[in-house]
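Each chain, letter by letter, is given below.
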Amino acid sequence: MSHLQTEGSQRLYEAASQLMPGGVNSPVRAFRAVGGTPLFISRAKGSHLFDVDGNEYIDYVSSWGAVILGHADDAINLAISEAAQGGTSFGASHEGELKLATEVVKRMPGVEMVRFVNSGTEASLAALRLARAATGRTKIVKFEGCYHGAVDALLSKSGSGVATLDVPDSAGVPTESIQSTITAPFNNSAAIEEIFNHHGKDIAALIVEPVAGNMGVVLPDQGFLPFLREITSQYGAILIMDEVMTGFRVSIGGASQVHNIIGDLVTMGKIIGGGLPVGAYGGKKELMELVAPVGPVYQAGTLSGNPLAMAAGYAALSHLTQTQYVQLENRGARLQSGLQNALLKHNRRAQVQRSGSMISVFFNPNPVTDFSSAQQSDKALFASVFHNLLAKGVYLPPSALEAWFLNCSHSEDDIERTIVAFEESLEEAQN
Ligand SMILES: *Cc1c(COP(=O)(O)O)cnc(C)c1O
């Protein structure tokens, strides 16, 4: 087994750990789920990452999906530097906001009006507030294993069974904050029906990742999203499509477009910032006009609509045409079949689940349809394969339950090399 030189990363990690909790600014980066020292990246270009020790990797994190054209894309970099020449922040309106809003409204089904914020977390927070204001109700329904940002009211999971009380997922989240949150298993229409039968008149919103990507890639069963659309409409609850990950990734619009479902509100993030911090929420005009200054729902941000971020997002979206999505689909399909063949050859029963350029391997004999089946995956085997791949120059998300992301810069050669490295990594895996 080849061995990675990581002295530089180790030294920086030790220093960083003294100054930032776990040495990181977002927990999964710390490699806790796979062990070992997190890598310090010095630069990235296209589909490749370079660490401070001079190692090069084919990158399947793609900044957790935010990067879709490829790292350090020339068009995006040019847009950012041109914007920077004109001033990095005005705290006043500018045309860049209008340009990005036009692209978003053109592409995302159900979005007639949009408000830009700075992260997906902020978008979720604002969408919940708006849904509660619009309905005059309090309760929120979410799915186990779906992630909508580090929002108190959404950091909860259910105990066993639908009727049990929710418990917070994080210390510091008061029980009161999640008292109004009801959690159901993904793909379980019967559970949703039961929840609406009991609480329908009190439910402000149901929030869903239309293709779940934060427990690995879990596709909605046939009929699941239409059922959510129908039952929320029937009870007058707001359907929030969380397209922060899937928006502009699984298709030119997002999962709403692929699955032909129109949410009342849509949250966005990641790709719309072109690699800079942006989030957004949008929907029908009547609903969005409840937001201040037109309506009574307060929501604001000093740096919202930031000129650099708007320019980067606009450059990203305007370069994404059908051609790019066809290529992403083809490369994704090739990676999927290559990984499946490697698994078969080594007698590993596993699931390779994919939606467009989002893909994940679950070391699980059965198809993964929800959070409990995702959790049955062999995490020790993943950790072993992860480190074997890293030593061969392939950088996966450092957790068994995260999606891998292709970007438009992944070449056929990257994909073929990844498949070979994966096969060797399986062969070397101990468990
Ligand atoms: C990443 C993500 C978020 C949170 O976005 P941040 O920008 O990290 O705050 C919310 N929802 C989904 C589906 C995500 O993938």
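Residues numbered from 1 in each chain as written. Predicted model: local features only at pLDDT ≥ 70, side-chain atom pairs only at ≥ 80, totals over all residues. Heavy atoms only, no water.

### Looking at the overall build of the protein
Step number 1: Of regular secondary structure, the protein possesses 14 helices and 16 strands.
Step number 2: The C-alpha radius of gyration computed for the protein amounts to 21 Å, which stays within 12% of the reference 22 Å derived for 431 residues, consistent with globular compactness.
Step number 3: When the backbone C-alpha atoms are referred to their principal axes, the protein occupies close to 60 × 55 × 45 Å.
Step number 4: By residue count, 55% of the 431 residues in the protein fall in the buried class.
Step number 5: As displayed, the protein has an accessible area near 18100 Å², and 51% of this comes from carbon and sulfur atoms.
Step number 6: Between the averaged position of the 30 positive side-chain charges in the protein and that of its 42 negative side-chain charges there is a distance of 2 Å. (Helix = DSSP H or I, 4+ residues; strand = E, 2+ residues; numbered from the N terminus. Rg over C-alpha atoms; globule rule 2.2 N^0.38 Å. Buried < 20%, exposed > 50% of the residue type's maximum accessible area, 1.4 Å probe, protein only. Areas by Shrake-Rupley, 256 points an atom, 1.4 Å probe, with all protein chains shown as cover. Lys, Arg positive; Asp, Glu negative; His and termini not counted. Charge placed at Lys NZ, Arg CZ, Asp CG, Glu CD.)

### Quick look at unusual backbone geometry
Step number 1: Following A292, the chain continues to P293 via a peptide bond in cis, the omega torsion being 15°.
Step number 2: Examined against the element boundaries, P293 turns out to sit in the loop between α9 (285–288) and α10 (307–319).
Step number 3: A positive phi angle is found at N260, which is not glycine, with a value near 55°.
Step number 4: Relative to the helices and strands, N260 is located in the loop between α8 (255–258) and β11 (265–268).

### A look at the sheet that holds strand β13 (residues 351–355)
Hydrogen bonds between backbone atoms are what pair the strands of a sheet, whose relative direction is either parallel or antiparallel.
Step number 1: Taken together, three strands build an open sheet; the order of strands is β13-β14-β16 and the sheet is antiparallel. Here the strands that pair on one side only, and so sit at the sheet edges, are β13 and β16 (404–405).
Step number 2: Pairing between β13 and strand β14 (residues 358–362): five bridges, direction antiparallel. Each residue of the ladder has a partner; that of Q351, found in β14, is F362.
Step number 3: Strand contacts of helix α11 (residues 322–345): β13, β14 and β16, with the helix running at about 175° to β13, the strand carrying the most contacts. (Pairing = 2+ DSSP bridges. Contact = heavy atoms within 4.5 Å. Axes fitted to C-alpha atoms, helices over the stretch in contact; angles between N-to-C directions.)

### A few points about the site of the ligand
Step number 1: Around the ligand sit S119, G120, T121, Y147, H148, G149, E209, N214, D242, V244, M245 and K270, and that is every residue in its neighbourhood.
Step number 2: Between the ligand and G120 there is a distance of 2.9 Å, counted from an oxygen atom to a backbone nitrogen or oxygen.
Step number 3: Within the backbone of Y147, one N or O atom sits 3.2 Å away from a nitrogen atom of the ligand.
Step number 4: Relative to its unbound accessible surface of 380 Å², the ligand loses 83% to contact with the protein.
Step number 5: For the shell around the ligand, the class distribution of residues is three nonpolar, six polar and three charged. (Near = heavy atom within 4 Å. Polar contact = N/O pair within 3.5 Å; in protein donor to acceptor, adjacent residues only side chain to side chain. Nonpolar A, V, L, I, M, F, W, Y, C, P; charged D, E, K, R; others polar.)

### Considerations on the nonpolar core
Step number 1: Among the nonpolar cores identified, the biggest contains 100 residues, and I192 and F422 are the most heavily contacted of them.
Step number 2: For this core, the leading source of residues is α10, giving eight residues.
Step number 3: When near neighbours in sequence (up to four residues on either side) are disregarded, F422 contacts L339, A342, L343, V361, F363, V385, L389 and W404.
Step number 4: Ranked by size, the runner-up nonpolar core spans 22 residues in total, among them A204, I238, I240 and V291. (Core = buried A, V, L, I, M, F, W, Y, C linked by side-chain atoms within 4.5 Å.)

### What about helix α4 (residues 120–135)?
Step number 1: Helix length check: α4 (16 residues) gives 22 Å between terminal C-alpha atoms against 22 Å at 1.5 Å per residue, within 8%.
Step number 2: Phi for G136, located one or two positions after α4, is positive at around 70°. (Expected span 1.5 Å × (residues − 1).)

### Observations concerning the environment of D152
Step number 1: Position of D152 relative to the elements: it lies in the loop between β5 (139–143) and β6 (156–157).
Step number 2: When its relative accessible area of 35% is taken as the criterion, D152 is described as partly exposed.
Step number 3: Residues within four places of D152 in sequence aside, it is in contact with V173, P174, S177 and I178.

### Comments concerning the packing of aromatic side chains
Step number 1: Counted by the stated rule, this structure contains nine aromatic pairs.
Step number 2: Pairing Y60 with W404 gives two aromatic rings, centres 6.5 Å apart and planes at 50°, and the pair type is tilted. Of this pair, Y60 sits in the loop between β3 (56–59) and α2 (74–85) while W404 sits in strand β16, and the two are 344 residues apart along the sequence.
Step number 3: Residue class for W404 comes out buried when judged on its relative accessible area of 2%.
Step number 4: Taking the centre distance of 5.4 Å and the plane angle of 70° together, the rings of F143 and F224 count as edge-to-face. (Phe/Tyr/Trp six-rings, centres within 6.5 Å; stacked < 30°, edge-to-face > 60°.)

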